[in-house]
Amino acid sequence: MKCEQVRESFPDYLAGAIESASQADIDAHLAGCAACRDELSGLNALWARLGALPEEEPSPGSEARFHAMLEAYRQGMKQAQREGAPRVTLAEWLGGFWPRQPALQFAMALLLFALGLLIGSSTLSRQAAGTAIGGPNERALAQLREEVSTMRQMVTLALLQQQSPSDRLRGVQWTYQMTRPDEQVLSALLRALDGDPNVNVRLAAVDALHQFASDALVRKGLLRSLAEQKSPLVQIELINLMVQLSAKESVPVLKELSQKQELDPAVRERVEWGLQKLG
Amino acid sequence: MAQVREGEVEKLGVLFERHHQSLFGFFVRLTGRREFSEDLVQEVFFRMLKYRHTFQPQNQFRSWMFQVARNVHFDALRKRQREERMIARESEQPVESDSHTPDRQAGQAQEIALLQRALARLPVEKREVLLLSRLQSLRYAEVGEILGCDPGAVKVRVHRALRELREIFAELTGEKRYEV
């Protein structure tokens, strides 16, 4: 072993971390090399002195300072937990309006784009109204209105077919923005009223159909639903609607309902009230 | 520390009890200032609390603590250098006053004082490697983890630092200079 190799192992030697195999080699070298022996003994003495340096004591205030910091931190954590939980950010709130499905997102984007065009052109046409009346602007505007309305119907139909009840509820709410929905939308609403597995969606459908009750198709659908509806809540809601609309044609259906043995007592009471109002 | 990491922050109290004194000793030897070292100890424990999620439970707590400690020291040094550039440089006090006991005749006390002075004259990176491997009794592999190098490199640094310290110490004690 050369001096250089032996000296490289001194840190291990000092730390007592030397392997026994190399220990023998090093000892053999040291026995014959005075320079390395001196070097090692010098370093070893220093190493021992370093180890014997007295421990430093921190001041007694140090511990109190630490505990005050820790306590303040814990209080801060608790407060953050209390405040953090129920807060809903604006972005989250807005996000609630945005559909989760890519196809719907696309339809929504198209709709917003068309809406933008509509607003832009209506502003322009209002400005132009001072100089020229009617003309191509008016036609373009009518066309755009048509497009927006089609788009709305598309979104509504798509929403009404969603898995999640909250999406279907939103679909029902979309119909409030339509002045005259086409047959497809009305049928979809009536289907929701008859067969949606979620009672809240069916109830919302009753309310939404109220606005289109002048439509013969809707009237017929409502009557049919009244005869077939199983949920007492929806039945009561439908009876209320019939009374509000003064729909005399519902009297036979109501009479038939009152004959049923298994009818819910609350519904029976409402049926009788309805018959009295309409009769 | 794993429990602290999971949110039981009060468990940091146990770690403070166990380690704050050796950490304080490390800083005193490294910086030569007691009050400053106490501030640094507080800062280390605060950072361990704040960044508790960065602790990897499979690692040694002491290695992680000294990693944090080095960062704290480095940041504090930078801040101090900025401040010192602005105000007049204060007179240096490299050695702790409490090591200058009146009993200077006592050989051992004098030797300790001289060794401390020698340590203080060592460049900070050499001082650091000696403090970690000797005074903190950390294994070279652990020191390597703290300094971000392999154990072989730590041994080389320890060796060099020791030789330089020996020279300075010899100079201070008036001994014949050791040939290197």
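What counts, and where the lines are drawn
Residues numbered from 1 in each chain as written. Chains lettered and ligands numbered in written order. Predicted model: local features only at pLDDT ≥ 70, side-chain atom pairs only at ≥ 80, totals over all residues. Helix = DSSP H or I, 4+ residues; strand = E, 2+ residues; numbered from the N terminus. Buried ≥ 20, exposed ≤ 12 C-beta atoms within 10 Å, placed from the backbone. Contact = placed C-beta atoms within 7 Å. Core = buried A, V, L, I, M, F, W, Y, C linked by C-beta atoms within 7 Å. Nonpolar A, V, L, I, M, F, W, Y, C, P; charged D, E, K, R; others polar. Expected span 1.5 Å × (residues − 1). Arc of directions from axis to C-beta. pLDDT = per-residue confidence, 0-100.

## A look at the overall build of chain B
Next, step 1: Helix and strand counts for chain B stand at 8 helices and 0 strands.
Next, step 2: Listing each helix as α and each strand as β along chain B from the N terminus yields α-α-α-α-α-α-α-α.
Next, step 3: A buried classification covers 32% of the 180 residues belonging to chain B.
Next, step 4: Considering only residue pairs separated by 6 or more positions, chain B has 58% of its internal contacts joining residues 24 or more positions apart.

## A word on the nonpolar core
Next, step 1: Grouped together as the largest cluster of nonpolar side chains are 50 residues, with contacts concentrated most on Leu23(B), Phe27(B), Val44(B), Ala69(B), Leu130(B), Leu162(B) and Leu165(B).
Next, step 2: With 8 residues, the single largest contributor to this core is helix H2 (residues 12-31) of chain B.
Next, step 3: Non-local contacts of Leu162(B), meaning those with residues more than four positions away in its chain, are made with Leu43(A), Leu46(A), Trp47(A) and Leu130(B).
Next, step 4: Trp174(A), Val201(A), Ala208(A) and Phe212(A) belong to the second-largest nonpolar core, a separate cluster that totals 33 residues.

## Comments concerning the interface of chain B and chain A
Next, step 1: Counting from both sides, the interface comprises 32 residues of chain B and, opposite them, 27 residues of chain A.
Next, step 2: For the side of chain B that touches chain A, the elements supplying multiple residues, two or more each, are H2, helix H3 (34-50), helix H5 (107-121), helix H6 (124-135) and helix H8 (151-173) of chain B.
Next, step 3: No other element matches the 8 residues that H2(B) contributes to the side of chain B that touches chain A.
Next, step 4: Taken together, the residues of the side of chain B that touches chain A break down into 19 nonpolar, 7 polar and 6 charged.

## What to know about unusual backbone geometry
Next, step 1: Despite not being glycine, Ser246(A) shows a phi value in the positive range, around 50 degrees.
Next, step 2: Structurally, the position occupied by Ser246(A) is in the loop between helix H13 (232-244) and helix H14 (251-259).
Next, step 3: When the 9 C-beta atoms within 10 Å are taken as the criterion, Ser246(A) is described as exposed.
Next, step 4: Of note, Ser137(B) is a non-glycine position whose phi angle comes to about 50 degrees, a positive value.
Next, step 5: Residue position: Ser137(B) is located in the loop between H6 and helix H7 (140-147).
Next, step 6: By C-beta crowding, Ser137(B) is classed as exposed, having 12 other C-beta atoms within 10 Å.

## Quick look at the environment of Arg168(A)
All names here are of chain A.
Next, step 1: Residue placement: Arg168 occurs in helix H9 (residues 165-174).
Next, step 2: Here the alpha-carbon distance between Arg168 and Thr156, two residues 12 residues apart in the chain, equals 8.6 Å.
Next, step 3: Contacts of Arg168, omitting those with residues within four sequence positions, involve Leu159, Leu160, Gln162, Ala192, Asp196 and Val201.

## Here we look at the environment of Arg126(A)
Residues and elements named next belong to chain A.
Next, step 1: Its location among the elements puts Arg126 in helix H7 (residues 102-129).
Next, step 2: Classification of Arg126 as exposed rests on a count of 10 C-beta atoms within 10 Å.
Next, step 3: C-alpha of Arg126 to C-alpha of Asn137: the two residues are 11 residues apart in sequence and 9.8 Å apart in space.

## With respect to helix H12 (residues 216-228) of chain A
All names here are of chain A.
Next, step 1: Taking 1.5 Å of rise per residue, the 13 residues of H12 would be expected to cover 18 Å, and the 19 Å separating its terminal C-alpha atoms lies within 8% of that figure.
Next, step 2: Among all positions in H12, only Val218, Gly221, Leu222, Ser225 and Leu226 are buried. Here the buried residues of H12 occupy an arc of 140 degrees about the axis, which is enough to place them on one side. Away from its buried face by more than 90 degrees, H12 exposes Ala216, Leu217, Lys220 and Glu228.
Next, step 3: Residues of H12 that are buried in the fold lie against helix H10 (183-195), helix H11 (199-210), H13 and H14.

## Points about the confidence of the model for chain A
Next, step 1: Chain-level statistics for chain A give a pLDDT mean of 84 and a share of 95% at 70 or above.
Next, step 2: Between the elements of chain A, mean pLDDT differs from a low of 72, seen in helix H6 (residues 90-95) of chain A, to a high of 90, seen in helix H4 (residues 34-51) of chain A.

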